[in-house]
Amino acid sequence: MVNPAPFINTGGVYINSSNFFPPSPPPANAAIKSLSWDLSAYDNKNLSAKYEICMLPGVSRCLDVSNNLQSRTNFFNYFKASSSFIVRVKLFGGSYPAAAGSTGSHMIYVEWE
């Protein structure tokens with residue numbers, strides 16, 4: 001699941017990327033086995049940034065991935081593989097509007113069983 005990283009027009013507020021939906025529906029009883037990601041950093045010379053991957057609906061289960069923009073987790077294991085996700089980004093400092101770095105996209109990969 002790949003989506004372009006959004007432009008951020010102001011600092012200190014959360015910006016949600018587009019929703020990440022499974023490209024093809026997994027079986028109804030499939031559960032998440034692992035989730036990995038590859039997120040683009042913003043190159044606006046920000047002082048700090050907070051990146052979270054959140055499960056929808058309701059953005060009630062979020063994982064702070066600020067310290068590692070490329071990794072894998074079992075944080076979402078055993079939830080429905082048909083779940084959707086968003087990337088939430090909050091930038092502090094720097095110049096605006098802010099664009100994502102060289103790749104300009106966020107990618108989330110869900111493995112299910």
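See above for the structure.
Residues numbered from 1 in each chain as written. Predicted model: local features only at pLDDT ≥ 70, side-chain atom pairs only at ≥ 80, totals over all residues. Heavy atoms only, no water.

Is there a simple way to think about unusual backbone geometry in this case?
The phi angle of most residues is negative, glycine excepted, and most peptide bonds adopt the trans form. A positive phi angle, close to 75 degrees, is found at Y78, a residue other than glycine. Looking at where Y78 falls in the secondary structure, it is placed in the loop between β6 (70-73) and β7 (84-92). Exposure remark for Y78: the relative accessible area of 66% places this residue in the exposed category. (Helix = DSSP H or I, 4+ residues; strand = E, 2+ residues; numbered from the N terminus. Buried < 20%, exposed > 50% of the residue type's maximum accessible area, 1.4 Å probe, protein only.)

Sorry if this is basic, but what is going on with the side chain of N77 here?
Among the structural elements, N77 can be located in the loop between β6 and β7. Accessibility expressed as a relative area gives 15% for N77, which makes it buried. With residues up to four places along the chain from it excluded, the contact list for N77 reads I32, K33 and S34. (Contact = heavy atoms within 4.5 Å.)

Explanation requested: the side chain of E52 in the structure shown.
The topology assignment puts E52 in strand β4 (residues 48-56). Within the local environment of E52, its side chain forms a polar contact with the side chain of R88, the two groups lying 2.7 Å apart. (Polar contact = N/O pair within 3.5 Å; in protein donor to acceptor, adjacent residues only side chain to side chain.)

Sorry, what's going on with the packing of aromatic side chains here?
Here a ring pair, both rings aromatic, is described through the centre-centre distance and the interplanar angle of the planes. Summed over all chains, the structure comprises two aromatic pairs. Ring centres of F75 and F76 lie 5.0 Å apart, and the angle between their planes is 90 degrees; this geometry places the pair in the edge-to-face category. For the ring pair F76 and F85, a centre distance of 5.1 Å and an interplane angle of 80 degrees mean the geometry is edge-to-face. Taken as a pair, F76 and F85 share a single burial class, namely buried. By way of ring pairs, the aromatic residues F75, F76 and F85 are connected into one cluster. (Phe/Tyr/Trp six-rings, centres within 6.5 Å; stacked < 30°, edge-to-face > 60°.)

Would you take a moment to explain the environment of S36 for this structure?
Note on placement: S36 falls in strand β3 (residues 32-38). The spacing of S36 and V110 is 74 residues in sequence and 6.6 Å in space, taken between C-alpha atoms.

So what exactly am I meant to see when it comes to the nonpolar core here?
Nonpolar side chains tend to gather and get buried jointly when the protein is soluble and globular. The biggest cluster of nonpolar side chains holds 22 residues, and the ones touching the most others in it are L35, W37, I53, F76, F85 and I108. Ranked by residue count, the leading element in this core is β7, at four residues. Residues within four places of F76 in sequence aside, it is in contact with I32, L35, I53, M55, R61, L63 and F85. (Core = buried A, V, L, I, M, F, W, Y, C linked by side-chain atoms within 4.5 Å.)

Read these as layout, nothing more, since geometry by itself doesn't imply function.
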